[in-house]
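# Structural characterization, general
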Amino acid sequence: MAQAGPSARTPARSSARSARLLAGLLLGSGVAHFAAPKPFDAIVPRSLPGTPRAWTYASGVAELAIGAAVALPRTRRVGAQAAAGLFVAVFPANVKMAVDWRDHPAPLRAAAIGRLPLQLPLVLWARRVGLAGR
């Protein structure tokens, strides 16, 4: 009979690890909005009121707050639901990036286009983390 060691993966450990990874992604992205805001400013849809920098900082704050909520077991469920909503909300910025980068070199253009279908797995991941956080 195999013994479960410290590295044994249980569903609870796996979901906690997934939540930590999602929190890290959100926290890292939130920090990036403040450390290097220009690339984020460039993808803010111009139809939004206010300045692109204000939206960059607001979305950075949202990512930091949501990442912190996902990181804490007590707020994980609501944080993960908010993360799913955030991933949907930023989709127009990814569309703008893909449109704006039509004339960039092929690798950059492919990266911009490749971001679009990645939103769905991010939304589904956040939902899974939220369901596991019950």
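Residues numbered from 1 in each chain as written. Predicted model: local features only at pLDDT ≥ 70, side-chain atom pairs only at ≥ 80, totals over all residues. Heavy atoms only, no water.

### What about the overall build of the protein chain?
Rule in force here: Numbering of helices and strands runs from the N terminus; a helix is a DSSP stretch of H or I covering at least four residues, while a strand is a stretch of E covering at least two. Exposure categories follow from relative accessible area, calculated using a 1.4 Å probe and restricted to protein chains: below 20% of the type maximum is buried, above 50% is exposed, and the middle band is partly exposed. Values of accessible area rely on a 1.4 Å probe in the Shrake-Rupley scheme; residue burial ignores everything except the protein chains shown.
Counting its secondary structure elements, the protein chain contains 6 helices and 0 strands. Along the longest, intermediate and shortest principal axes, the C-alpha atoms of the protein chain span 60 × 30 × 25 Å. Across the 134 residues that make up the protein chain, the buried fraction comes to 29%. Of the roughly 8400 Å² of accessible surface on the protein chain, a fraction of 68% belongs to carbon and sulfur atoms.

### Thoughts on the nonpolar core
The nonpolar side chains of a soluble globular protein tend to be buried, and buried together. Heads up, the rule is: Throughout this description, the term nonpolar core refers to a set of buried Ala, Val, Leu, Ile, Met, Phe, Trp, Tyr and Cys residues connected via side-chain atoms within 4.5 Å.
Among the nonpolar cores identified, the biggest contains 15 residues, and L22, L26, V70, F87 and V129 are the most heavily contacted of them. Sorting the residues of this core by element identifies α1 (11-35), α3 (52-71), α4 (76-89) and α6 (106-132) as the ones contributing at least two each. A per-element tally of this core places α4 first, with 5 residues.

### Looking at the side chain of R76
Inclusion rule: Distance and chemistry together define a polar contact, namely a pair of N or O atoms within 3.5 Å, with one atom able to donate a hydrogen and the other to accept it when in protein, and with adjacent residues in sequence counting only for side-chain atoms on both sides. The contact rule is simple, with two residues in contact once any of their heavy atoms fall within 4.5 Å.
Within the secondary structure, R76 sits in helix α4. At 2.8 Å, the side chain of R76 forms a polar contact with the backbone oxygen of V70. Setting aside anything within four residues of it in sequence, one finds R76 in contact with A16, A19, A69, V70, A71 and V129.

### A closer look at a nonpolar patch on the surface
Convention followed: Patches draw on residues past 30% relative accessible area with no salt bridge. Two like charges within 9 Å are joined, as are two nonpolar side chains (Val, Leu, Ile, Met, Phe, Trp, Tyr) within 5 Å. A side-chain nitrogen of Lys or Arg and a carboxyl oxygen of Asp or Glu constitute a salt bridge if their distance falls within 4 Å.
Taken together, the side chains of F34, Y57 and V61 present a nonpolar region at the surface, about 260 Å² in accessible area. With respect to the helices, strands and loops of the structure, F34 is situated in helix α1. Looking at F34, the relative accessible area reads 37%, which means it is partly exposed.

### Focus: the environment of G79
Mapped onto the elements of the fold, G79 is located in helix α4. Here the alpha-carbon distance between G79 and T51, two residues 28 residues apart in the chain, equals 27 Å. Here G79 is in contact with I66, A69 and V70, once residues within four sequence places are set aside.

### Examining the environment of R109
Within the secondary structure, R109 is located in helix α6. The exposure class assigned to R109 is partly exposed, which follows from its relative accessible area of 30%. For R109 and A132, which are 23 residues apart along the polypeptide, the C-alpha to C-alpha distance reads 36 Å. Residue contacts for R109: discarding those within four places in its chain leaves W101, R102 and H104.

### Concerning the packing of aromatic side chains
Inclusion rule: Each aromatic pair joins two rings of Phe, Tyr and Trp (for Trp, the six-membered one) with centres within 6.5 Å, and gets the label stacked for planes under 30 degrees apart, edge-to-face for over 60, and tilted for any other angle.
In this structure the tally under the stated criterion is 1 aromatic pair. With 5.0 Å between their ring centres and 5° between their planes, F34 and Y57 make a pair best called stacked. Of the two residues, F34 sits in helix α1 while Y57 sits in helix α3, which places them 23 residues apart along the sequence. Taking relative accessible area as the criterion, Y57 reaches 32% and is therefore assigned partly exposed.

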